[in-house]
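Each chain, written out:
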Amino acid sequence: MSTDLPRKPRVGHIRFLNCLPLLWGLSRTAGLLDLDLSCDTPERLGNALVAGELDLGPISLVEYLRHADELVVLPDLAVGSDGPVLSCLIVSKVPLDRLEGEVVSLCTTSRTSTRLARLILAERVGVNPVYRDRAPELATMLDQASAAVIIGDPALRATVEASRTTGLAVHDLGQLWREWTGLPFVFALFAVRRDYLRRHPERVRQVHAALLAARDLGLAEVDRVCEHAAQWGPFDEPILKRYFTEALDYGFGDRQLRGVAEFARRVAKADGGFPTGIRLETLHTTEQF
Ligand SMILES: C=C(O[C@@H]1C=C(C(=O)O)C=C[C@H]1O)C(=O)O
C-alpha cells in the first residue's frame, strides 16, 4: 500500500459548549469526515497549533497575538461577543475595587480572559491583586482567593446560578469590555499555520468553507442543538439558546477586528505583552496595528 496517501487536515475543536453549534454543523454536513479533529481545552489546542501538531483551528486571542507571524486568520469566524458573553467571568467575593493586594485565581484553560481581566482590574478599576494560576474549578479557585477568573462551561454555570448564590458577584468580561470601549471582544479566532497554508492552499479554503457552513447550519438548527445539549448537561434549552444566539458572536469582520486592535494596543501600552506592530493577516487581507 502506498505510504503517501493524503493526510487529513489536523483541526482543533474547543471542548466547551461554546463551539457545539460548529460540531453539530460539521457532523450534519459530513464535513467531519474530511478532518482529523482534536477536541481539547483552548490552551492545549493553542499550544498544539503553535507547535505544529495541528494545522488549523481555534486559538485564544492572546496566543494568536504572540504568534501572529506564524499564523493566518480564517475570516468570518471567531468566538466572541458584543456585550455579555455569559461564560468569561470575574467571580468575586468583594467589590472589584476592593481587590488591591487580594489573591485572584486565574483558570489555566484561559489565555485571553485572564489577560483581559488583569487589564480591566489594573486600568479601569485601578487595583493590583496578586494572581495565582489554578485548575478551572470555581469552588477550589475561590477557596483561598477573593476572586476568580473562569471561562467555559463552569463559568456559564456560575452565570446561571448567580441569582441563587449568595456572597458572590459575577462580572461578565464581554460586558465590561463593551462598556469600557464600545467594541465587541474576540476571545478566540481561527487560524491556519502559515507553512500549512503555503503547502495546501486549496485544502485550507475547503476547510474554511466547511467551518463556515457548519457554523451557519448549527445556528439555523440551534433548537435541536439545545435539545440535545440540555439532555447531557446542567443547562436548560432557553439558557443554551440565549448563549448560542444572543451572547456568543461567531463572526469576525471589521468591528471585531477593531476590538482585537484595541485590545492589542491597550495590552501593549500596559506591559508590552506582545510585539508592537502586529500584522494580522487573513486569507484575504492584511491589517497592521
Ligand atoms: C467564550 C469563551 O471563549 C473562550 C475564551 C478563551 C480564553 O479566555 O482564552 C479561549 C477560547 C474560548 O473558548 C469561553 O471559553 O467561554
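Shown above is the structure to which this text applies.
Here's what I pulled together on the structure shown here. (Residues numbered from 1 in each chain as written. Predicted model: local features only at pLDDT ≥ 70, side-chain atom pairs only at ≥ 80, totals over all residues. Heavy atoms only, no water.)

The next subject is the overall build of the protein. Summing up its helical and strand segments, the protein has 12 helices and 12 strands in all. Relative to the 2.2 N^0.38 estimate, which gives 19 Å for 289 residues, the radius of gyration of the protein is 19 Å and therefore close to what a compact globule would have. When the backbone C-alpha atoms are referred to their principal axes, the protein occupies close to 65 × 45 × 35 Å. By residue count, 52% of the 289 residues in the protein fall in the buried class. A sequence separation of at least 24 residues applies to 83% of the contacts in the protein between residues at least 6 apart. When the accessible surface of the protein is summed, it comes to about 13100 Å², and 48% of that surface belongs to carbon and sulfur atoms. In the protein, the 34 positive side-chain charges and the 38 negative ones have mean positions that sit 2 Å from each other. (Helix = DSSP H or I, 4+ residues; strand = E, 2+ residues; numbered from the N terminus. Rg over C-alpha atoms; globule rule 2.2 N^0.38 Å. Buried < 20%, exposed > 50% of the residue type's maximum accessible area, 1.4 Å probe, protein only. Contact = heavy atoms within 4.5 Å. Areas by Shrake-Rupley, 256 points an atom, 1.4 Å probe, with all protein chains shown as cover. Lys, Arg positive; Asp, Glu negative; His and termini not counted. Charge placed at Lys NZ, Arg CZ, Asp CG, Glu CD.)

The strand order across the open sheet formed by 5 strands is β7-β6-β8-β5-β9, and the pairing between neighbours is mixed. Of all strands in the sheet, those with a lone pairing partner are β7 (130–134) and β9 (169–172), marking the two edges. Across the sheet, the axes of successive neighbouring strands diverge by a mean angle of 25°, strand direction being ignored. Strands in contact with helix α7 (residues 173–181) are β5 (88–92), β8 (147–151) and β9; relative to β9, the strand with the most contacts, it is inclined by about 55°. (Pairing = 2+ DSSP bridges. Axes fitted to C-alpha atoms, helices over the stretch in contact; angles between N-to-C directions.)

Moving on, we get to the site of the ligand. Residues in contact with the ligand amount to 19 residues; listed here are only the nearest, Ser60, Ser87, Ser110, Arg111 and Ser113. One of the side-chain nitrogen or oxygen atoms of Ser113 is found 2.7 Å away from an oxygen atom of the ligand. Contact between the ligand and Gly152: an oxygen atom at 3.0 Å from a main-chain N or O atom of the residue. Calculation on the ligand without its partners gives an accessible area of 380 Å², and the protein chains cover 100% of this total. When contributions to the shell around the ligand are tallied by element, the ones reaching two or more residues are α4 (112–125) and β10 (185–193). When the residues that make up the shell around the ligand are grouped by side-chain class, the tally is 11 nonpolar, 7 polar and 1 charged. Viewed by domain, the shell around the ligand spans two of them, domain 1 (10–81 + 185–288) and domain 2 (88–181), each represented by three or more residues. (Near = heavy atom within 4 Å. Polar contact = N/O pair within 3.5 Å; in protein donor to acceptor, adjacent residues only side chain to side chain. Nonpolar A, V, L, I, M, F, W, Y, C, P; charged D, E, K, R; others polar. Domains from an automatic or database assignment.)

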